[in-house]
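In case you want the letters, here they are:
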There are 2 protein chains.
Amino acid sequence: MTTSFYNLVDGVMRLYKLLPDGRRQIVGFSLPGDFLGMAPSGRHGFSADAIGPVTVCRFGRTAFARFAEDKPHLLRRINELAVRELDQARDHMVLLGRRSAEEKVATFLIGWRDRLAQLRGPSTNVPLPMSRLDIADYLGLTIETVSRTFTKLEREGVLDILTGGVSLRDPSRAEALAAA
Amino acid sequence: MTTSFYNLVDGVMRLYKLLPDGRRQIVGFSLPGDFLGMAPSGRHGFSADAIGPVTVCRFGRTAFARFAEDKPHLLRRINELAVRELDQARDHMVLLGRRSAEEKVATFLIGWRDRLAQLRGPSTNVPLPMSRLDIADYLGLTIETVSRTFTKLEREGVLDILTGGVSLRDPSRAEALAAA
DNA sequence: CGAATCGTTGAAAGCAGTCAACTAGGGTGG
DNA sequence: CCACCCTAGTTGACTGCTTTCAACGATTCG
């Protein structure tokens, strides 16, 4: 079993799974402070790669085992983490299975903004280091639909499209779309 | 934090999340032997209810805490479980975000068959105790699309529709649709 | 300045959704 | 025992959202 843990120190990463024919589903984006590498045994698991330059802190399986023995509450901590991840994964299932393109994009933007807020403090400015294709593969849409939806939200006065991100002109409206 | 664990002894349960407007996404079905109740802290979590009669074995949070203290490897076990669940959740994201209705239904049937096979031994007969609506809410489809897809697969000779389930007439073709 | 990549926009097609009618079981009460 | 009803499931016609295919614009980098 490959139980290496990586702690993302700086940068952004995308986690994804591929179908045999190449279709990709991004299952999450990682920000500094996030853990990676909870790969289960067997031939399962997921892939991860960097969006721009990243710094990671790697814990080998032996180093991890040593930690786990020394501090039992670390395992407890990891457990909580896994449970939180699982909850997020299930929330994303709801998004993928039951929400419209507009709701998907709005939900993504609000969620991303809130994660950034925890790191850098709140801001209506939302940097988007990932490409439109990444966003599309995260939301279960095509690149064109993502682009059109951004444009639509801009026309409606919800946001402004900037290079490398968006600015939330009407955050509450975006939040309403995300909650609905 | 509500860390009660339920062990499903007999019957079938559905786990789901709801959107404020009532849309439902079933995030998984539970079979005998499965654990439930890994609810994270805060106002998150999911709902679960029975499909038909069930028998569950409940571990209260104190009982669980006692176990966890006594046997550290139990926590380790729970951890592996959570990681497996997470992997399954991510596989389901791929299904919800990137697969067609026909692929969704075929993947569901093969997955369900394999889970039943682990409990009762292999069989081409696949009982489906859940309703079409449950299947639809699991696959991110409507009840009508599920029904039509079943009918289409029957016309194509992949399966036979029986009351309370299906029979896989051409399992390899169904597997091919599920893998594609 | 040109090439390449990324993003946007338009037109058309298609898959799944919606609305609606119909059918089939299953249980209940007369 | 049968008629009725209620729910679950199927099927049809049509709509519509998202995709597909294609062209165009913008930005970056050699």
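We now turn to the structure provided with this report. Everything numeric in this text was worked out from a predicted model, so none of it was measured. (Residues numbered from 1 in each chain as written. Chains lettered and ligands numbered in written order. Predicted model: local features only at pLDDT ≥ 70, side-chain atom pairs only at ≥ 80, totals over all residues. Heavy atoms only, no water.)

1. Concerning the protein's contact with DNA strand D
Just so we agree on the cut-off: A molecule or strand has a residue near it when one of that residue's heavy atoms lies within 4 Å. Here a polar contact is taken to be a pair of N or O atoms separated by no more than 3.5 Å, where protein atoms must pair a possible hydrogen donor with a possible acceptor and residues adjacent in sequence count only if both atoms sit in side chains. The secondary structure listing takes helices from DSSP runs of H or I that are at least 4 residues long and strands from runs of E that are at least 2 residues long, numbered from the N terminus. Note that Gly is not counted as nonpolar here; it falls among the polar residues with everything else outside the nonpolar set of Ala, Val, Leu, Ile, Met, Phe, Trp, Tyr, Cys and Pro and the charged set of Asp, Glu, Lys and Arg.
The local shell around DNA strand D holds 15 residues, among which Ala101, Thr145 and Arg148 of chain A together with Ser147 and Thr151 of chain B are the closest. The share of sugar and phosphate among atoms of DNA strand D within 4 Å of the protein is 59%. Glu144 of chain A places a side-chain nitrogen or oxygen 3.1 Å from a base nitrogen of DNA strand D. Contacts to DNA strand D include Thr145 of chain A, whose side-chain N or O atom sits 2.5 Å from a phosphate oxygen. Listed by contribution, the elements that provide at least two residues to the surface near DNA strand D are helix H5 (143-155) of chain A together with helix H5 (143-155) of chain B. In terms of residue count, the dominant contributor to the surface near DNA strand D is H5 of chain B (four residues). Its residues assigned to classes, the surface near DNA strand D shows three nonpolar, seven polar and five charged.

2. Some points on the nonpolar core
What counts, and what does not: For the purposes of this section, nonpolar cores are sets of buried Ala, Val, Leu, Ile, Met, Phe, Trp, Tyr and Cys residues that join through side-chain atoms within 4.5 Å. We call a residue buried when its accessible area falls under 20% of the maximum for its residue type, exposed when it is over 50%, and partly exposed in between, using a 1.4 Å probe and counting protein chains only. The contact criterion used throughout is that any non-hydrogen atoms of two residues lie within 4.5 Å.
Judged by nonpolar contacts, the single largest core of 80 residues is most densely connected at Phe108, Trp112 and Leu128 of chain A together with Phe108, Trp112 and Leu128 of chain B. Not counting residues up to four positions away in its chain, the partners in contact with Trp112 of chain B are Val12, Phe29, Leu31, Val126, Pro127, Leu128, Pro129 and Met130 of chain B.

3. Here we look at the interface of chain B and chain A
Formally: When two components associate, each loses some accessible surface as probed by a 1.4 Å sphere; the sum of these losses over both components is called the buried area. Note on definitions: salt bridges are taken to be side-chain nitrogens of Lys or Arg within 4 Å of carboxyl oxygens of Asp or Glu.
Each partner contributes to the interface: chain B provides 46 residues, whereas chain A provides 46 residues. Summing both sides of the interface, chain B and chain A together bury roughly 4,100 Å²; the carbon and sulfur share of this comes to 61%. Contact with chain A buries surface across chain B, with Arg90, Met93 and Arg98 of chain B losing the most and accounting together for 20% of the total. The interface formed by chain B and chain A includes ten salt bridges. At the junction of chain B and chain A, the tally comes to 20 residue pairs in polar contact (both at pLDDT 80 or more). Taken together, the elements giving at least two residues each to the side of chain B that touches chain A come down to strand E1 (5-18), strand E2 (24-30), helix H2 (72-98) and helix H4 (132-139) of chain B. Counting residues per element, the side of chain B that touches chain A draws most heavily on H2 of chain B, at 20 residues. In the side of chain B that touches chain A, the residues fall into 24 nonpolar, eight polar and 14 charged.

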